[in-house]
Amino acid sequence: MASSSSSGLTFKLHPLVIVNISDHYTRVKSQQAHLNNGVASPSPSAPPRVFGCVIGVQRGRTVEIFNSFELLYDPVNDSLDRSFLLKKQELYKKVFPNFYILGWYSTGSDAQESDMQIHKALMDINESPVYVLLNPSINHAQKDLPVAIYESELHVIDGIPQLIFVRSSYTIETVEAERISVDHVAHLKPSDGGSAATQLAAHLTGTYSAIKMLNSRIRILHQYLLSMQRGDIPRDNSLLRQVSSLLRRLPAIESPKFQDDFLMEYNDTLLMTYLAMFTNSSSTMNELVDKFNTTYDKHSRRGGRTAFI
């Protein structure tokens, strides 16, 4: 397998594809563990591999992968269910008429020789399919996403022309709806994973980490601009234009209009907090009064003389 692709294509991968593949693998692995539950096995079973198709659009030399769907795999014949693939393609075409099958996906640590058979089988749908490979193994030392994109190229090996997988670079492309969805999935908690206070603390911790990271990056940029102003480093007009454009996007926090709006929102928030506190205090007080009344009624029925204030 060659190290890198020479096709010149630019790949843009959307997070929904990664979420779909991860969800597919997690469900299959959970089902496999459920089937093997209580059955003694002489050796640990190999992690399952899942297969599916990736869909999207290609505009010139740019390939954008938007979504994916699952496929049925026949381990005996080492092939995909063709009729199921065509049916899914027809259904997706009705919902997403502009999307086309760009290739397929699978899970594993690296591309295998048997994967080329599946790759060739899809060439009648797309003459140059893309292969998205997700590595489900957890590696805490790895900072990059465990996702690789492969293309196929015809190389002459030992005088014989052969198709081999070559790795291609890609970028993550997102839209606002995807960012909200991914953030929601990242903060999901199990149903018995803690109280609302615990989830609020986790949310505030994430917000604090984001603000802390933003502050550190602003400090780096500020130090860089100060060094440029002192003449320690050469002036970069392109960078200065980008910084100026970024600053123009920030709200004018020194304007009277901003101060009025900020104080109004701040006072409304404080008022809601005070009302919530008063409501909680009134509820507690009512419960306490009910307890006093219940105790007083019991003593009255017994003929006791207990004074309550």
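Scroll up to find the structure.
Everything numeric here is computed off the predicted structure, so don't read it as measured data.

Let's talk about the environment of Ser168
Reasoning step 1: With respect to the element layout, Ser168 can be found in strand β9 (residues 160–168).
Reasoning step 2: Put simply, Ser168 and Tyr150 are 18 residues apart on the chain and 5.6 Å apart in space, counted from C-alpha to C-alpha.

Examining the sheet that holds strand β3 (residues 62–70)
Reasoning step 1: What the eight strands build is an open sheet, ordered β9-β8-β7-β6-β2-β3-β1-β10; its pairing is mixed. Of all the strands in the sheet, just β9 and β10 (170–172) have a single pairing partner and so form its edges. Pairwise comparison of adjacent strand axes, ignoring direction, gives a mean angle of 35° for this sheet.
Reasoning step 2: Pairing geometry for strand β2 (residues 51–59) and β3, over eight bridges, is antiparallel. Following the sheet pairing, Arg59 is matched in β3 by Thr62.
Reasoning step 3: With respect to the sheet, helix α2 (residues 82–95) is in contact with β2, β3 and β6 (100–107), its orientation differing from that of β3 by roughly 115°.

Some points on the pairing of β9
Reasoning step 1: Pairing geometry for strand β8 (residues 147–157) and β9, over nine bridges, is antiparallel. Opposite Ile149, over in β9, you have Ser168 as the bridge partner.
Reasoning step 2: Connecting β8 to the next strand, β9, in antiparallel fashion are two residues, including Asp158 with a positive phi near 55°.

Cut-offs applied
Residues numbered from 1 in each chain as written. Predicted model: local features only at pLDDT ≥ 70, side-chain atom pairs only at ≥ 80, totals over all residues. Heavy atoms only, no water. Helix = DSSP H or I, 4+ residues; strand = E, 2+ residues; numbered from the N terminus. Pairing = 2+ DSSP bridges. Axes fitted to C-alpha atoms, helices over the stretch in contact; angles between N-to-C directions. Contact = heavy atoms within 4.5 Å.

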